[in-house]
Amino acid sequence: MTTTYAALLRGINVGGARKVPMAALRTLMEGLGYGGVRTYLQSGQAVFSSDHGDEAGLAEELAGAIEKQFGFPVDVIVRDHAYLKAVVEACPFPAADLEAKQLHVTYFSAPVTAERFAGIDRPAHLPEEFRLGDRALYLYAPDGLGRSKLAEQLSRPRVIKGLIATTRNWNTVVKLVEMTEG
């Protein structure tokens, strides 16, 4: 059975470093046998179909091909449409009432528990807030991600140790659901 997935590439095309042109990424993915390959923006989102069925295996295969092609490692998370849609539906914040720059989702390569984030002083960062979901973290940052002190704390190596973590704004989160539909 063929499934449609989104590949989330971490840390590419930021500040002129680790360049992965989207046309070259599409060609590389088609060469791996993926169907219907499309990219979104320049910051590392690709949608594709495969009958492989294993998100972790697809992520590993794509990460290996990217490193071979471009000469540097790139962390990749692959998620199917059902998961992406469930993330949107489970949003604990009033997404419809917020600007997209205020709401973000960090996708994790594995499940996370509250204990991982126990050292973060939540009241000290208000009105910024975060909530955990299924292999995801929802972040409300009213002044945007770039100014968020809470986002800085959430991305510290001691907090995300052993995980791949990559963050997308709400517009991208919703667009990936649309792009992976049917």
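Refer to the structure above for everything that follows.
Since the model is a prediction, treat every value here as computed from it, not as a measurement.

Chemist: Please give an account of the pairing of strand β3 (residues 45-50) that cites residues and values.
Modeler: Buried residues dominate β3, accounting for six of its six residues. Pairing of strand β1 (residues 3-9) with β3, which is carried by six bridges, proceeds in the antiparallel orientation. Its bridge partner being in β3, Y5 is matched across the sheet by F48. Relative to β3, strand β2 (residues 35-40) runs antiparallel, the two sharing four bridges. Residue pairing across strands places G35 opposite S49, the latter belonging to β3. In sequence, β2 turns back onto β3 through a hairpin of four residues, with L41 there showing a positive phi of about 55 degrees.

Chemist: Which residues make up the packing of helix α1 (residues 22-31) against helix α2 (residues 55-70), and what values do they have?
Modeler: Across the interface, α1 lies against α2 with an axial gap of 11 Å and an inter-helix angle of 125 degrees. Put simply, α1 runs oblique to α2. Every pair of crossing elements has a handedness; the one defined by α1 and α2 is right-handed. Counted together, A24, L25, L28 and M29 of α1 and L62, A65, I66, Q69 and F70 of α2 form the full contact between these two elements.

Chemist: Give me the lowdown on the packing of aromatic side chains, citing residues and values where you can.
Modeler: As enumerated under the stated definition, the model contains seven aromatic pairs in all. Ring geometry for Y5 and F48: centres 5.5 Å apart, planes at 25 degrees, overall stacked. One end of the pair, Y5, is in strand β1; the other, F48, is in strand β3, with 43 residues separating them in the sequence. In terms of burial, Y5 and F48 fall into one category: buried. Taking the centre distance of 6.0 Å and the plane angle of 35 degrees together, the rings of F93 and Y140 count as tilted. Highlighted residues: F93 in the loop between α3 (81-89) and β5 (103-108) and Y140 in strand β7 (residues 136-140), separated in sequence by 47 residues. Just as F93 is buried, Y140 falls in that class too. What links up through ring pairs into an aromatic cluster is the set Y5, Y34 and F48.

Chemist: So, α1: which residues are in play, and what are the values?
Modeler: Listing the buried residues of α1 in full gives M22, L25, L28 and M29. Viewed along the axis of α1, the buried residues span an arc of 120 degrees, placing them on a single side of the element. Turned more than 90 degrees away from the buried face of α1, the exposed residues are T27 and G31. Next to the buried residues of α1 lie β1, β2, β3 and α2.

Chemist: If you had to explain the nonpolar core to someone new, which residues and values would you point to?
Modeler: Formed by 24 residues in total, the largest nonpolar core has its most connected members in L25, M29, F48, I66 and V76. Looking at this core, the elements with two or more residues in it are β1, α1, β3, α2 and β4 (76-80). In terms of residue count, the dominant contributor to this core is α2 (seven residues). Sequence-distant contacts of I66, defined by excluding residues within four places in its chain, comprise L9, L25, L28, G71, F72, V74 and V76. Grouped together as the second largest cluster of nonpolar side chains are 23 residues, V87, F93, A100 and Y138 included.

Chemist: Can you explain the sheet that holds β4? Please cite residues and give values.
Modeler: Taking strand neighbours across the sheet as the criterion, the four strands line up as β2-β3-β1-β4 in an open arrangement whose pairing is antiparallel. Of all strands in the sheet, those bounded by a partner on one side alone are β2 and β4. Strand after strand, the sheet turns through a mean of 20 degrees between neighbouring axes, direction not considered. Sheet topology places β1 next to β4; five bridges connect them, and they run antiparallel. Among the inter-strand pairings, A7 is bridged to a residue of β4, identified as V78. Contacts from α3 reach β1 and β4 within the one sheet, and its direction differs from that of β4 by about 90 degrees.

Basis of the calculations
Residues numbered from 1 in each chain as written. Predicted model: local features only at pLDDT ≥ 70, side-chain atom pairs only at ≥ 80, totals over all residues. Heavy atoms only, no water. Buried < 20%, exposed > 50% of the residue type's maximum accessible area, 1.4 Å probe, protein only. Helix = DSSP H or I, 4+ residues; strand = E, 2+ residues; numbered from the N terminus. Pairing = 2+ DSSP bridges. Axes fitted to C-alpha atoms, helices over the stretch in contact; angles between N-to-C directions. Parallel < 35°, antiparallel > 145°, perpendicular 65-115°, else oblique. Left-handed = near helix turned anticlockwise from the far one by under 90°. Contact = heavy atoms within 4.5 Å. Phe/Tyr/Trp six-rings, centres within 6.5 Å; stacked < 30°, edge-to-face > 60°. Arc of directions from axis to C-beta. Core = buried A, V, L, I, M, F, W, Y, C linked by side-chain atoms within 4.5 Å.

Coordinates in, geometry out; function isn't part of it.
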